[in-house]
Structures are given as C-alpha cells and as structure tokens.
Amino acid sequence: MVSTNYQYDIVIAGGGMVGLSLALMLVQEIPALQVAIVERAAVTHQPAVTGNSFDSRSTAVSAGSVELLDALEVWPALARHATAIRTVDVSDRGHLGRTRYSVANARAQHTLGALGFVVDNANLGQALLAAVKQTGRITQLCPATVTAIAPKAQATEITVEFEQEQQASQTLRAQLLIIADGAESGLRKQLGIGADINDYGQHAVIANVHHSKPHQCVAYERFTEQGPMALLPRGSGERGCQSALVWTRPESQLQTTLALSEEDCLAQIQNTFGYRLGSFQKISTRHHYPLKLSLAKEQVRSGLALVGNAAHFLHPVAGQGFNLAVRDCAQLTAALAEAHKQNTWLGSLPTLQAYMAKQSRDQFATTMLSHGFNSLFSNNRKPLQLLRNLGLLGLQAAPAAQKDFFDQMMGRGMARAELNLLQRYLLRKQAQAELAEV
C-alpha cells in the first residue's frame, strides 16, 4: 500500500518545454495526481514575458510530437505560429551526394500534411504554459530552485528555496522527483550521477535569415567539412522568405564568425549554402551555444528519474533532442500510469527500470543517428566522403530505405506508449462529442 503522506505525488525540477510537456501528460493520463513544477525563472502567462528556455531559437517538431501535443490540447493554439516542413533536403557541399524527401513520399502515414513543423521556442513555451494553467491541476513553484534531495522509504524529500524573502525554503515530500533542469543539470551533478561527454569542439551559431526566394516549406541540411548548416522554413506559409539558421562552427573560428559584419556574414553563409534560397539579404542577432553529446550514466534511481537534456543532450544536426524527450515523457507516463493503476509506489525502481527497458532502444537509435551524422559528415577523409555520398545517393535511389530513415527522423516510429496515449485521447474526444449531441 502506498503512503498518503505526500504534499505532491510527483515533483518536476525544471519548467522548460520538456518539464511542462511531461506535467501535462501526467495529469491527463492520471487525473488524481498532484504534480508540482519547480522553476528558477519567474513564470508569467503574458506572451511578451518568457522563461529561461523560451528563447529566440526555433525547434523542429516532428509529426509524432505534433500529434502528442495535439493530444495534450496544446497544438491548436500553437499551429498558427508554426511553419510546416513538407520537404527535407540533405546535401554534402562540394559532392554529388544528396537526398530529398517530401510529404508526398509518406502521404499514407502523414495525416498532418507535413513531415513536421518549425516553431519558435517562445511560442511553444507560452502554449505549454497556457495549457498548464488551463488544467488547474499543476502547481508551479517559481521562481524557486531545488537545493537538496533526500531519498526516504517510498518517498523523496526535496528542499526548495524561493527567491522571495518571505518564502525562504520549503521541504516537499513526493513519491517521485523528475529532473528536467537541462544539459548542465546541477541536480544530476549534486546526486553524483556522471555523464559520458563527447565534446565536438563546435558551437552552433543561431539566427534568423531573410532570403530572396521563398522557402516553399523545405528544411535544408547542408553538410560541410566544418560541420552541418541547417536552414528551417519560418513564417508566411510556402511563400515565406525567412529561415531559422543553425550554423555549426569550429570552436577555433567562433569569435571570428561572431565578429563578422552583417555583409560578410551573409557572404559566408551564401558561399556555404549556395543559392537554393536565392541571395541572403538580412540576418538577425547571432547567438551561439557549445555542441557536445552528453549521456547521463544513470537515468533512474529509486524515487528519481532524469528526462530531457539532463538525461541526453544531442547535437542538433538531425533535430532530435526535443522530439526524443517528448517520446521519453510519453513512455515514462505510461509506466507511471500502470503503476498508479496497480497502487504501486510511483518511485518504485522496478517501475522506472521497466520504463528504461522500453525506451532505451529509441534513445540509442536516436543518439547514434545524431552522433553518427555529425561524425560522418564533419570528416574530410576521402573514404568517408565516398561512403557518405554513396549513402545519400543510395537513399535517393531506394524509396523504402529512405522512408524508414526519415520516419525515424520525423518521429513516426512511435512507441506503443505514445500510440496508447493518442488512442485514449481520441476516445475521450469521441465521448465528449457524443455527450454534446445528447
């Protein structure tokens, strides 16, 4: 029998996109749960004010993730801010290797009319915050920080410190603590959980660029000898002439790139990318962050789980980070829903290990996709150049293999847990519609 001596059933440390998505999944699947989110940033529900993770970057949201966000009733508010990806174009600069995949190739499975969508993090964050507020069943503790964690018998005690002087600190008792505080997770380090880190010696330079030709809802991945360059369609439907740029730069060239004048920067981007989007005419403020592969050596302990970048931080080359995290959240929610149904302690190690057993294959495949892409295409050795170009040409010539490859990238190989979440959502919507007709 599970104890009832808890302030909350689940506490999530981190109120970014992953933490909010997980909280929504949990209360939708297990309505009786008491869930709290601890977030260091001051959270408001005003569109102009955003938390730390809701920045100027854009996220490529896969078709599978969109369906889950729709199931959480987040997508309708977000859709008007999203730009469809209807084609993905992958090429290798200076070589013949190229593959192009469009929604027409996968029409039988893609009911959204797109392979995925590009959304600004600020808009995604605000849509999630609005959905959290709408539920009325998720407590947001902010601005606050988890400062101490103490495992107990069938519980985890969590010390939370608030920024307001009148609320110095509070100790919470929960069945389960879920850590979602980012790639540089201080809580993971505090718990002595190490991480396997592969520092790529690269930085991602991000900005929005304007170009003379419309993007026509095409997402480009252009590989170069110094790392990949991605251009994601942004705004105004197919006729939009703006894209979100993710430009991989060697660490040794980062400061030189940031110091370039707008004219010189656009010229370098043009030289790297070519003229598929016409001429580049304008670029927004450039930001950057270091690139590395970071994999936590433990993702679960008794009473504890890590999700999102705290568990695995990937190179953005294949746009997999957020989408993998959403799938992790769906699988974890399914495991916890089953435990709740059986009246089992939610922090039970066997429950959390069962979640990892089901999700580890997806994590491994996605991590290898991201890491392998960057390693293979950021290498100037002739044998590898030949291998990658043969691979791209082979994908273009083999529709079945191409479809399998891009379905993995676009999140279509959905886990059983995700399918169950969607099925239950559709049944609820059907029941609501039938009641409305009575």
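Values in this document were obtained by computation on a predicted structure and should not be read as measured data.

A. Highlighting the overall build of the chain. Looking only at helices and strands, one finds twelve helices and 20 strands in the chain. Within the span of the chain, comprising 438 residues, buried residues form 55% of the whole. Of the accessible surface of the chain, which amounts to about 18,900 Å², a share of 51% is contributed by carbon and sulfur atoms.

B. Expanded view of the packing of helix α1 (residues 17–29) against helix α4 (residues 121–135). Two numbers describe how α1 lies on α4: the axes approach to 10 Å, and their chain directions differ by 30 degrees. The angle between the axes of α1 and α4 places the two elements in the roughly parallel class. For the pair α1 and α4, the crossing hand works out as left-handed. Here M17, L20, S21, L24 and V27 of α1 come into contact with α4, specifically with N121, L124, G125, L128, L129, A131, V132 and T135. Split into classes, the residues belonging to the contact of α1 with α4 amount to nine nonpolar, four polar and no charged.

C. The arrangement of the sheet that holds strand β7 (residues 116–120) in detail. What the three strands build is an open sheet, ordered β3-β7-β4; its pairing is antiparallel. Strands with a single pairing partner mark the edges of an open sheet, and in this sheet they are β3 (58–62) and β4 (83–85). Averaged over all adjacent pairs, the angle separating strand axes in this sheet is 30 degrees, with direction ignored. The pairing of β3 with β7 spans five bridges and is antiparallel. From the neighbouring strand, S58 faces β7, where its bridge partner is D120. Strands β3 and β7 of the sheet are contacted by helix α2 (residues 63–71), whose axis makes an angle of about 90 degrees with β3.

D. Layout of the pattern of salt bridges. In this structure the tally under the stated criterion is seven salt bridges. Here R234 and D120 are joined by a salt bridge, their closest N and O atoms 2.6 Å apart. Taken as a pair, R234 in the loop between β14 (227–233) and β15 (242–250) and D120 in strand β7 lie far apart in primary sequence, 114 residues in all. Given a relative accessible area of 19%, R234 falls into the buried group. We classify D120 as buried; its relative accessible area is 18%. A salt bridge links E157 to R173; its shortest N-O distance comes to 3.7 Å. With a gap of 16 residues between them, E157 in strand β10 (residues 155–162) and R173 in strand β11 (residues 169–179) connect regions that are remote in the sequence.

E. Broad picture of the nonpolar core. Of all hydrophobic cores here, the largest spans 56 residues; its most connected members are I10, I12, L26, I178 and L336. Residue contributions to this core peak at ten residues, all from helix α8 (residues 321–341).

F. Quick peek at the packing of aromatic side chains. According to the stated counting rule, one finds three aromatic pairs in the structure shown. Note on Y220 and F273: the rings are 5.2 Å apart at their centroids and 85 degrees apart in plane angle, and the pair reads as edge-to-face. In this pair, Y220 sits in strand β13 (residues 218–224) while F273 sits in helix α7 (residues 262–273), placing the two residues 53 residues apart along the sequence. F273 sits in the buried class, given a relative accessible area of 1%. For the pair F273 and F280, a centre-to-centre distance of 5.8 Å together with 70 degrees between the ring planes defines the contact as edge-to-face. Three or more aromatic residues joined by ring pairs form one cluster here, namely Y220, F273 and F280.

G. Layout of the confidence of the model for the chain. Overall, the prediction assigns the chain a mean pLDDT of 82, with 75% of residues at 70 or greater. Low pLDDT, under 50, characterises residues 46–52; the predicted model gives this stretch nine contacts beyond four residues in sequence or across chains. This stretch, residues 413–419, has a pLDDT under 50; its non-local contacts, to residues over four places away or in other chains, come to 14 contacts.

H. Inspection of the pairing of β10 at higher detail. Here strand β9 (residues 144–152) runs beside β10; their pairing, made up of eight bridges, is antiparallel. Among the inter-strand pairings, V146 is bridged to a residue of β10, identified as V160. Here β9 hands over to β10 after two residues, with Q154 in that stretch at a positive phi of 50 degrees. Two elements, β10 and β11, share six bridges in a ladder whose sense is antiparallel. Counted as the bridge partner of I158 is L172 from β11.

I. The side chain of R222, seen in detail. Among the structural elements, R222 can be located in strand β13. Although buried, R222 forms no salt bridge, and the nearest oppositely charged side chain, D89, lies 6.7 Å from it. Reaching out from R222, the side chain makes a polar contact with the side chain of S91 at a distance of 3.1 Å. Looking at R222, its side chain comes within polar contact range of the main-chain oxygen of T272, at 3.4 Å.

J. Representation of α8. When the terminal C-alpha atoms of α8 are compared, their 30 Å separation across 21 residues agrees well with the 30 Å that a helix rising 1.5 Å per residue should span. N343 sits one or two residues past α8 and shows a positive phi near 55 degrees.

K. Expanded view of the environment of I269. With respect to the helices, strands and loops of the structure, I269 is situated in helix α7. Owing to a relative accessible area of 0%, I269 belongs among the buried residues under this scheme. For the pair formed by I269 and F280, sequence separation is eleven residues and the distance between their alpha carbons is 7.8 Å.

What counts, and where the lines are drawn
Residues numbered from 1 in each chain as written. Predicted model: local features only at pLDDT ≥ 70, side-chain atom pairs only at ≥ 80, totals over all residues. Heavy atoms only, no water. Helix = DSSP H or I, 4+ residues; strand = E, 2+ residues; numbered from the N terminus. Buried < 20%, exposed > 50% of the residue type's maximum accessible area, 1.4 Å probe, protein only. Areas by Shrake-Rupley, 256 points an atom, 1.4 Å probe, with all protein chains shown as cover. Axes fitted to C-alpha atoms, helices over the stretch in contact; angles between N-to-C directions. Parallel < 35°, antiparallel > 145°, perpendicular 65-115°, else oblique. Left-handed = near helix turned anticlockwise from the far one by under 90°. Contact = heavy atoms within 4.5 Å. Nonpolar A, V, L, I, M, F, W, Y, C, P; charged D, E, K, R; others polar. Pairing = 2+ DSSP bridges. Salt bridge = Lys/Arg side-chain N within 4 Å of Asp/Glu carboxyl O. Core = buried A, V, L, I, M, F, W, Y, C linked by side-chain atoms within 4.5 Å. Phe/Tyr/Trp six-rings, centres within 6.5 Å; stacked < 30°, edge-to-face > 60°. pLDDT = per-residue confidence, 0-100. Lys, Arg positive; Asp, Glu negative; His and termini not counted. Polar contact = N/O pair within 3.5 Å; in protein donor to acceptor, adjacent residues only side chain to side chain. Expected span 1.5 Å × (residues − 1).

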